[in-house]
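# Results of the structural survey
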Amino acid sequence: MHAYTEKIREAARRLLAEKKVDGVIGFRRGTLPLMNEPVFVRHADQVDQLVWDGNCGVNLANYLTKRKDRVAVVAKGCDSRNIVVHIQENQIARDQLYILGIPCKGMLNRRAILKALDGREPLQVEETEADVTVSGDGFEQVFPRKDVLQDNCKICIHRNPVIYDELLGDPVEEQKDVDRYEDVRRIEAMTVEERWTYFEELIAPCIRCYACRNACPQCYCPTCFVDESRPQWVGKSLDPTDTRTFHFLRAYHMAGRCTDCGACERACPMDIKVRQFTKKLEKDVKELFGYEVGVMLEERPPLDTYRPDDPQDFIR
Amino acid sequence: MLKIFVTKDNLPNLVGRLMDGATVLGPVKEGEAHRFRPLKKAADLDLSYQNSRLSPKDLVHPHSDAMFAFSLKKDDPEAGILKELPRSADKRLVLGIRPCDAKAFRLVDVNFLTDTYRDPWWEARREATVLVGLGCSRPCRSCFCTAVGTGPFDETALDVLMTELEDGYLLKAVTEKGEALLRDAPQAEAATDERMQKAEGIAEEAARKISKPFVTEPIKDKPQTELFSAEFWEEVQFACINCGTCTYLCPTCWCFDIQDEVHGEEGVRLRLWDSCMFPLFTLHGSGHNPRNQKLQRVRQRFMHKFKYYVDKYGDGPACVGCGRCVQYCPVNIDIRRVVAMMSASCVCPT
Ligand code: SF4
Ligand code: SF4
Ligand code: SF4
């Protein structure tokens, strides 16, 4: 995994020297254990800032929206799928991008590790293929890597970038026999009342900061409906109806566009599992349209196209 | 001022007594995080917490606060006239607040309670609130309170300071209000010299553990324009996604927005948390926004806390080093690093 660091630096140095790109979007070492910071490297002398490890969960497609320049971007499987959606939705052109693909084995879930540490502060983290060793004042704890991956990474079936100009490592094995919708089915099986309560409890801690929205590469409307004030579309307070409206509308706006990259959940300061909304829509889009988001650049997204072989017959 | 000692076993009785006289709010565990909530019973209080995820600022400055009500009924002679809603001023006591968060109330007072204007909403709740603080004996590595003029046992913004000892709590009154609280505490024991010494030792040890990632003095001396135009903002802002988490969690971020909400023929005028990270922030009626770029928003947050506030009020900085923004920024924009750059005006990105 750390071998990627050298490969990213080498590619960045070369692309900048050949003036193929104006800059390279990647990660630099964070100031906290289990955190890295997205960075834009413009000059050869900054290239050594670039790093790669299990703390690169931020979706870098978010930094591509409406760019005017030509950039290289380091892309995991999920980032690459969001890049595809960005190209399909004309947020950036393919020829503005030089995609450095990273076959990925999942990113670490910092919150889950902090939870497991139960108040003990992590000061050092060592990663290997199999394990993550976290140590601090008077303790050391080893976690099997697969146990502390982000929830979306645990069920990811597109770990290899779907689009790239250069692949920085051998493709990794895709996860087989993954049940992506176990939780969605559990919710589907609930009675209406149970389901209502489930979602009410899910969003009860929401403070309407919209970090989930901003973390999402696909949320790029010039003015989000929650920000409209003349007139308002939705109230601004913590009134449950308004908070609900925000979540429902955000989710529906993601139908056929969400790649389940987990950026929203990763950003929420209140630990709200907002993917519970979007995953249901992902499942529906898959079942109804046989479509997986951001996998094929040439394919039109399901909600802006019609196919004669649509599995439902109401429209024929 | 009065000092008493209460054993851990007897603390619930003390809390119970306090609950008889006022609403008591304290850190309560909800999910993985703690939040200040009105205690229903003494056992809800969890003083083993590090700090609350959301700062307790919402106790005085709630996320949304209805200030006025109005009617839009056609036949109502008072239609469209704003009527002030009663301001809640119920006595309450915040138990276990960290000294940094209490200090944050002081810093916000400086802005809301000036010689020329006193914000009645802030003032009413602030005056009704007694702060019983809990010294911070196990500070986090991302805290930097001592670099911004406060400290883990800073009592200056508290009415009572509590120090956790092995077998109980030492409670020290700091103000008259605090003294009144402790005077008839049930099962109080003497704060012996030995206990006081122990408490002092704990406080010193805690202060020693806190890092000082920057010095703020040089920022005072620099012209605003120089800092404003510094090249490093370009680099600082890149990763920011304007999510507002830093400002929503921050105990000293006070900016608010005012909006009307109408339901049928009734309406309320609300004040709501705002954030320099949001697109509506400083959006003019004309449609122009002087801060419509990410760089301008990000710069505003740091400049406001560490330069404008300091220049305007001769106080501050408007940060207490609680480390919430450091811990919860999803893209790791670290205020310690940024302020170090402001302080050095380092133009070379590290
Ligand atoms: S990030 Fe979390 S708290 Fe903020 S609006 Fe989204 S769900 Fe609510
Ligand atoms: S700026 Fe950050 S560290 Fe300072 S008081 Fe606010 S949240 Fe705490
Ligand atoms: S929390 Fe971080 S990303 Fe979000 S607005 Fe603040 S600095 Fe920007």
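Chain B has the name 4Fe-4S dicluster domain-containing protein in an unreviewed UniProt entry, where Desulfacinum infernum DSM 9756 is given as its organism.

As annotated in an unreviewed UniProt entry, chain A carries the name 4Fe-4S dicluster domain-containing protein and comes from Desulfacinum infernum DSM 9756.

### A look at the environment of A:Val172
Residues and elements named next belong to chain A. Among the secondary structure elements, Val-172 is positioned in the loop between β9 (166–167) and α5 (182–188). Val-172 sits 68 residues away from Cys-104 along the chain, and the two C-alpha atoms are 7.0 Å apart. Filtering out sequence-adjacent residues up to four positions away, Val-172 remains in contact with Pro-103, Cys-104, Lys-105, Arg-159 and Asn-160.

### What about the site of ligand 3?
The environment of ligand 3 is made up of 13 residues, and the closest members are B:Cys240, B:Cys243, B:Gly244, B:Cys246 and B:Cys329. Each residue belonging to the shell around ligand 3 can be placed in one class, and the counts come to nine nonpolar, three polar and one charged.

### Some remarks on the interface of chain B and chain A
If you look at the interface, chain B gives 44 residues, while chain A gives 46 residues. Taken over both partners, the interface formed by chain B and chain A buries close to 3600 Å², and the fraction arising from carbon and sulfur atoms is 51%. Ranking the residues of chain B by area buried against chain A places B:Arg141, B:Phe238 and B:Asn332 at the top, with a combined share of 19%. Summed over the shared surface of chain B and chain A, the number is five salt bridges. Residue A:Arg42 is joined to B:Glu234 by a salt bridge in which the shortest nitrogen-to-oxygen separation is 3.6 Å. Summed over the shared surface of chain B and chain A, the number is 16 residue pairs in polar contact (both at pLDDT 80 or more). Elements that contribute at least two residues to the side of chain B that touches chain A include exactly α8 (232–237), α9 (245–249), β11 (256–263), β12 (266–273), α11 (324–328) and α12 (335–344) of chain B.

### As for the sheet that holds strand β3 (residues 33–38) of chain B
All names here are of chain B. Spatial strand order, β3-β2-β6-β7-β8-β9-β1-β10: eight strands in an open sheet with mixed pairing. Strand pairing shows two members of the sheet lacking a second neighbour, β3 and β10 (189–190), which therefore form its edges. As defined by bridge partners, strand β7 (residues 129–134) adjoins strand β8 (residues 160–164) across three bridges and the pair is classed as parallel. In the sheet register, Val-132 faces β8, and the bridge partner there is Val-160.

### Some remarks on the domain arrangement of chain A
Residues and elements named next belong to chain A. Here chain A is described as being made up of domain 1 (1–106 + 156–178) and domain 2 (180–316). Contacts between the two partners involve 24 residues from domain 1 and, on the opposite side, 23 residues from domain 2. Contact between domain 1 and domain 2 buries roughly 2000 Å² in total, counting both sides, with carbon and sulfur atoms accounting for 50%. Inspection of the domain 1/domain 2 interface yields one salt bridge. Arg-257 is the partner of Glu-89 in a salt bridge, and the nearest nitrogen-oxygen pair spans 2.8 Å. Considered class by class, the residues forming the side of domain 1 that touches domain 2 number 11 nonpolar, 10 polar and three charged.

### Details of a nonpolar patch on the surface
Judged by side-chain polarity, A:Trp196, A:Phe248 and A:Tyr252 come together as a nonpolar surface patch covering roughly 360 Å² of accessible area. Mapped onto the secondary structure, A:Tyr252 falls in helix α8 (residues 240–253).

### Let's talk about the pairing of β11(B)
Residue and element names in this part refer to chain B. Where β11 lies against β12, eight bridges are found, and the strand directions are antiparallel. Bridging from a neighbouring strand, Asp-257 pairs with Leu-272 of β12. Connecting β11 to the antiparallel partner β12 that follows it, the hairpin turn spans two residues, and Gly-264 within it adopts a positive phi of roughly 60°.

### Describing the packing of helix α10 (residues 294–313) of chain B against α12(B)
Residues and elements named next belong to chain B. Between α10 and α12, whose axes approach to 11 Å, the crossing angle comes to 65°. In terms of orientation, α10 lies roughly perpendicular with respect to α12. Regarding α10 and α12, the two cross each other, and that crossing is right-handed. Here Arg-301, Phe-302, Met-303, Lys-305 and Phe-306 of α10 lie close against α12, whose contacting residues are Ile-335, Val-338, Val-339 and Met-342. In terms of residue class, the contact of α10 with α12 is built from seven nonpolar, no polar and two charged.

### With respect to the site of ligand 2
Taken together, B:Phe144, B:Cys250, B:Pro251, B:Lys305, B:Cys319, B:Val320, B:Gly321, B:Cys322, B:Gly323, B:Arg324, B:Cys325 and B:Ile335 make up the full set of residues adjacent to ligand 2. Its residues assigned to classes, the shell around ligand 2 shows eight nonpolar, two polar and two charged.

### Examining unusual backbone geometry
Of the consecutive residues B:Gly316 and B:Pro317, the connecting peptide bond is found in the cis state with omega at 10°. Despite not being glycine, A:Lys66 shows a phi value in the positive range, around 55°. Following the sequence through the fold, A:Lys66 ends up in the loop between β3 (50–51) and β4 (71–75). Exposure remark for A:Lys66: the relative accessible area of 44% places this residue in the partly exposed category. Look at A:Tyr210: it is not a glycine, yet its phi comes out positive at around 70°. You can see A:Tyr210 is positioned in the loop between α6 (192–203) and α7 (211–215).

The rules we used
Residues numbered from 1 in each chain as written. Chains lettered and ligands numbered in written order. Predicted model: local features only at pLDDT ≥ 70, side-chain atom pairs only at ≥ 80, totals over all residues. Heavy atoms only, no water. Helix = DSSP H or I, 4+ residues; strand = E, 2+ residues; numbered from the N terminus. Contact = heavy atoms within 4.5 Å. Near = heavy atom within 4 Å. Nonpolar A, V, L, I, M, F, W, Y, C, P; charged D, E, K, R; others polar. Buried area = accessible area lost by both parts, 1.4 Å probe. Salt bridge = Lys/Arg side-chain N within 4 Å of Asp/Glu carboxyl O. Polar contact = N/O pair within 3.5 Å; in protein donor to acceptor, adjacent residues only side chain to side chain. Pairing = 2+ DSSP bridges. Domains from an automatic or database assignment. Patch = residues over 30% accessible without salt bridge, like charges linked within 9 Å, V, L, I, M, F, W, Y side chains within 5 Å. Areas by Shrake-Rupley, 256 points an atom, 1.4 Å probe, with all protein chains shown as cover. Axes fitted to C-alpha atoms, helices over the stretch in contact; angles between N-to-C directions. Parallel < 35°, antiparallel > 145°, perpendicular 65-115°, else oblique. Left-handed = near helix turned anticlockwise from the far one by under 90°. Buried < 20%, exposed > 50% of the residue type's maximum accessible area, 1.4 Å probe, protein only.

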